[in-house]
Amino acid sequence: MYIFFLEFVVLGIIVGALTGVLGSSGVVAVVPALIIINSELPQDAIGTSLLIDVITSIIVAYVYFRRGRVNIKKGIPMIIGAIIGSQIGVRVAFLIPPVYIKIGFAIFIIAMGMYSLIRKKNLSQNESKKNIKNININAYGVVLISIPIGLATGILGASGGIMFLIIAILILKLDIKTAVGTATFAMIISAFSGTVGYLIIGHIVILAAIIIGIVSIISGFIFSRIGNNLNPLTTYKILGSVFIIIGIVQIIL
């Protein structure tokens, strides 16, 4: 019991760090740990991970919102698409072998990680501000793009933090810190939608979710403050490195 408690505490710290600095879901840490160490069913691990993401994302999004780094207007289309996709994903989660989606998802994440490492070399504060002023995006297109993210939420428990972040950076042209805040805001609703689906079918480990979630709130609050104060160049470097690592881990596990 003590070992499981310690495991949940460590996972909570990792989840808070991932969400606070990068707006990323903790699924890459939570799901493998619950399956390998606790011998939980994949469906139980996924449902639990989604509930943890909801808990963690709220405090992280609040910190970014307080600093004016959540663009709610731009986040709404992502949320709509994610809700549609997640409800479909939960219902087909037991029908589609997730391994194929995981591999494709991982390859895309690795590619985006490499892009982030390259882009950081040419990033400047003035370029970021200019991009925000020149946004020209069709909201319906963002909704359609976000539906597959919702599918990944329902099937894999990946509540969309990384993918929302990619959309916020590449399509919405938000600066890196506003992109993280907005992605986290969108992740709250996406993860909640998926959580409801898994809760209805009884695939959530409540004790693990509570312990990891409580620790991740503290960790997320601390790391979100750190993330807000990081130099954008440093954030891109961390972002690219973490994307690549997460992609490789998903392929291996």
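Rules behind the numbers
- Residues numbered from 1 in each chain as written.
- Predicted model: local features only at pLDDT ≥ 70, side-chain atom pairs only at ≥ 80, totals over all residues.
- Heavy atoms only, no water.
- Helix = DSSP H or I, 4+ residues; strand = E, 2+ residues; numbered from the N terminus.
- Contact = heavy atoms within 4.5 Å.
- Areas by Shrake-Rupley, 256 points an atom, 1.4 Å probe, with all protein chains shown as cover.
- Buried < 20%, exposed > 50% of the residue type's maximum accessible area, 1.4 Å probe, protein only.
- Axes fitted to C-alpha atoms, helices over the stretch in contact; angles between N-to-C directions.
- Parallel < 35°, antiparallel > 145°, perpendicular 65-115°, else oblique.
- Left-handed = near helix turned anticlockwise from the far one by under 90°.
- Nonpolar A, V, L, I, M, F, W, Y, C, P; charged D, E, K, R; others polar.
- Expected span 1.5 Å × (residues − 1).
- Bend = angle between axes of the 7 residues up to and from the residue.
- pLDDT = per-residue confidence, 0-100.

Let's shift gears to the overall build of the protein. Broken down by element type, the protein carries 11 helices and zero strands. Across the protein, contacts joining residues at least 24 apart in sequence account for 86% of those joining residues at least 6 apart. Entry remark: accessible area of the protein is about 11300 Å², with carbon and sulfur atoms responsible for 73%.

Looking now at the side chain of serine 224. Position of serine 224 relative to the elements: it lies in helix α10 (residues 206-229). Residue class for serine 224 comes out buried when judged on its relative accessible area of 0%. Setting aside chain neighbours within four positions, we find serine 224 in contact with Gly20, Val60, Val63 and Tyr64.

Before going further, it helps to examine the packing of helix α3 (residues 42-66) against α10. Contact pair α3 / α10: the axes reach a minimum separation of 8 Å and the direction vectors enclose 30°. One element, α3, and the other, α10, form an angle in the roughly parallel class. Seen from above, α3 lies across α10 with right-handed handedness. Where α3 abuts α10, its residues Thr48, Leu51, Ile52, Ile55, Thr56, Ile59, Val60, Val63 and Tyr64 lie against Ala208, Ala209, Ile212, Gly213, Ser216, Ile217, Gly220, Phe221, Ser224, Arg225, Gly227 and Asn228. Class assignment of the residues belonging to the contact of α3 with α10 gives a composition of 12 nonpolar, eight polar and one charged.

Between its first and last C-alpha atoms α3 spans 36 Å; for 25 residues at 1.5 Å apiece the expected length is 36 Å, and the two agree. Bending of α3 peaks at approximately 25° at the position of serine 57.

All right, on to the confidence of the model for the protein then. Per-residue confidence for the protein gives a mean pLDDT of 78; residues scoring 70 or more make up 81%. Considering each helix and strand of the protein separately, the mean pLDDT is smallest for helix α6 (residues 125-133), with a value of 45, and largest for helix α4 (residues 72-92), with 87. Across residues 124-135, where pLDDT falls below 50, the model places 13 contacts with residues more than four positions away in sequence or in other chains.

Topologically, asparagine 228 is positioned in helix α10. Distance from asparagine 228 to isoleucine 176, taken between C-alpha atoms, is 9.8 Å for residues 52 residues apart in sequence.

In this structure, leucine 165 sits in helix α8 (residues 161-170). We classify leucine 165 as buried; its relative accessible area is 0%. Separated by 14 residues in sequence, leucine 165 and alanine 179 place their C-alpha atoms 5.8 Å apart.

Further remarks concern the side chain of serine 219. Tracing the sequence through the fold places serine 219 in helix α10. Sequence-distant contacts of serine 219, defined by excluding residues within four places in its chain, comprise Gly12, Ile13, Gly16 and Ala17.

With 24 residues, α10 ought to run about 34 Å at 1.5 Å a step, and its terminal C-alpha atoms sit 34 Å apart, in line with that. Listing the buried residues of α10 in full gives Ala208, Ala209, Ile211, Ile212, Gly213, Val215, Ser216, Ser219, Gly220, Ser224, Gly227 and Asn228.

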